[in-house]
Amino acid sequence: MDNSFFVDSAHLSKEALEKKHRLENDPSFRKNHMEYLEGMEVLRSDICEKVMAQMKSYDYAKYTAKDVKAALEHENCSIEDFKALLSPAAEPFLEQMAERARLETSKHFGNTVYIFTPLYIANYCENYCVYCGFNCYNDINRMKLNEQQIEHEMKVIADSGMEEILILTGESRTKSDVKYIGEACKLARKYFRMVGLEIYPVNTDEYKYLHECGADYVTVFQETYDSDRYEQLHLFGHKRVWPYRFDAQERAILGGMRGVAFSALLGLADFRKDALATAMHVYYLQRKYPHVEMSLSCPRLRPIKNNDTINPLEVHEKQLCQIICAYRIFLPYVGITVSSRESARFRNGIVKIAATKISAGVSTGIGDHESKYTGKEADAPEGDEQFEIDDGRSLGTMYKDIEGEGLQPVLNDYLYV
Amino acid sequence: MKDDKLIIGGHEFSSRFILGSGKYSLKLIEAAVQHAGAQIITLAVRRANTKEQESILDHIPQGVTLLPNTSGARTAEEAVRIARLARELGCGDFVKIEIMKDSKYLLPDNAETVKATEILAKEGFVVMPYMYPDLYTARDLVNAGAAAVMPLASPIGSNKGLATKDFIQILIDEIDLPIIVDAGIGRPSQACEAMEMGAAAVMANTALATAGDLPVMAKAFRQAIEAGRSAYLAGLGRVITRGASASDPLTGFLRD
């Protein structure tokens, strides 16, 4: 069973459609996804090799209930223990895992839950990633905010009380170049205490520039660590280059960013192997750069505009919860973010166990915060969303709900130094 | 006992419990002041630097001394910048230096801590450095102008108690500044033990923040610290740790 990702738009020219179909059906027509494009910095790093060796040798079928029990008894969770906790054998132990995860979370984070919101400033994209609403063949309203519009959006968000923002773009260097993103960061520094970025991967010197503009946290989703599967899903564009994406966090660290975030998009490939690889990516980078703050996200596939059948396949809520608990037990010090892709019910539950950060007041569209926050009819065009969200709670509601769960909502714990 | 004061940088305190900053909440501050008798409350500048309606700065009770810390600093230079920002925010002259270059264990970097202490002491701050209990570093901190030395008992947030007990004892014995045990104190009995050893004060946060009943745990800490202090001042009695002592002295055969 797999998702059917391919959707043809009536708006595409005959040539475009032909190219699209060839990309979809003829692997030899696609570029080598392991080869760097011109201008992409090649990092000499041993991290990828280590992570891949762990992922390739991970045979989750071999773990038994005995291994899982032992893992839960060990004071420090080893790599082997983590592998057991991620395996199907651990599924009957979900409650025990949650208890242990909650203990670790409380030791490292107490009762705090951080709140942030994403701000999409452009949805142009030069890539054909078959599961993404922004993909270049998808027929959506495209938009790029200008500086005034960005500032207006930021004011609306800041007025809601938000202090941490994550700036996102579609992956288009042409439409949203580094300088444009840098200007957005400078504006964000005026309105927010903490500015994060989730944009296309860039070179070290560009991360350095963006850091100087005010960004201090870089999120890059690897989507899947299985490079063969990655090749089948990212058919065209610079995002197709798998190894350049893999080293993005390390380049961001070298560029001076305080923290980096990681994720696989669960449902694209073998989720247990992807979850393992994501955690090992964090683990090895933390050993190499111990001063850096690290966090994990755990998004599942969602429906997109023009394709409402996309779903995370066998990654149900139970599996997601198992992954998050295993992450927490293996990497007790990392932040774990749970996105508005998940329901309010799931998010309320998981912040009591392991998640430390959630988004609120979310829109994955472009330029629509005022209409979404105030209900005021939009007087300017708006760009379409990257994916459908589930939990649409505002900051105010989220704040109250977190408090209602006996936890402490935190809007800022951060200094740009 | 009445005149038994904790003196840090010329300031007098009667309480020997200091609230740490790890897991903050207004309820925790309230409990620490009312039930643990805290007169010094640590404040993470990174958390205070907020627009939040619930700004911690607005909720510090009168008469309580703020101890802003430099958490988030990875170098001496960053710690100095955060300390200066704290002063600008109106947090006073006390500063607790925390410099961590490890996001996993959050262990303090002693070398950078000494550097920051020297700079900030010269700028008139009352500097209280958080450190890994190492005698040489403690001596360097004294020379750098520290007002107290704050060795960690065990990894922060771990509630594991006095894992570094023997090394803290060396600091208590050799360093003329107040030794304030910081980080890892998980229960009142551990706080009591640190005070019996001669620590000048104890700092805790997680142990209270994660307790079932905050006010009751806060009170338990106050009692434990007072008991430990009294025991220290009284001078601990004879403790036989192994076997029984001989009724005839071993040296009884000596004639002159």
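Now for a look at the structure at hand. (Residues numbered from 1 in each chain as written. Chains lettered and ligands numbered in written order. Predicted model: local features only at pLDDT ≥ 70, side-chain atom pairs only at ≥ 80, totals over all residues. Heavy atoms only, no water.)

## Some remarks on the overall build of chain B
A count of helices and strands for chain B gives 9 helices and 10 strands. C-alpha atoms of chain B, sized along the principal axes, occupy 80 × 40 × 40 Å. Here chain B, with 256 residues, has 54% of them falling under the buried criterion. A separation threshold of at least 6 residues defines the contact pool for chain B, and within that pool the share at least 24 residues apart is 63%. Here chain B displays about 11800 Å² of accessible surface, and carbon together with sulfur accounts for 50% of that area. (Helix = DSSP H or I, 4+ residues; strand = E, 2+ residues; numbered from the N terminus. Buried < 20%, exposed > 50% of the residue type's maximum accessible area, 1.4 Å probe, protein only. Contact = heavy atoms within 4.5 Å. Areas by Shrake-Rupley, 256 points an atom, 1.4 Å probe, with all protein chains shown as cover.)

## Notes on the interface of chain B and chain A
Of the residues lining the interface, 27 residues belong to chain B; the matching set on chain A comes to 31 residues. Linking chain B with chain A are 8 residue pairs in polar contact (both at pLDDT 80 or more). Put simply, the parts of the chain that give the side of chain B that touches chain A at least two residues each are helix H2 (45-48), helix H3 (76-88) and helix H8 (206-209) of chain B. Here the side of chain B that touches chain A takes 4 residues from H3(B), the largest share from any one element. When grouped by side-chain class, the residues that make up the side of chain B that touches chain A number 5 nonpolar, 9 polar and 13 charged. (Polar contact = N/O pair within 3.5 Å; in protein donor to acceptor, adjacent residues only side chain to side chain. Nonpolar A, V, L, I, M, F, W, Y, C, P; charged D, E, K, R; others polar.)

## A closer look at the environment of A:Phe262
All names here are of chain A. Position of phenylalanine 262 among the secondary structure elements: in strand E7 (residues 259-264). Residue classification places phenylalanine 262 among the buried residues on the basis of a relative accessible area of 0%. When neighbours within four sequence positions are excluded, phenylalanine 262 is seen to be in contact with Val220, Phe221, Tyr225, Gln249, Thr278, His281, Val282, Leu285, Met294, Ser295, Leu296 and Ser297.

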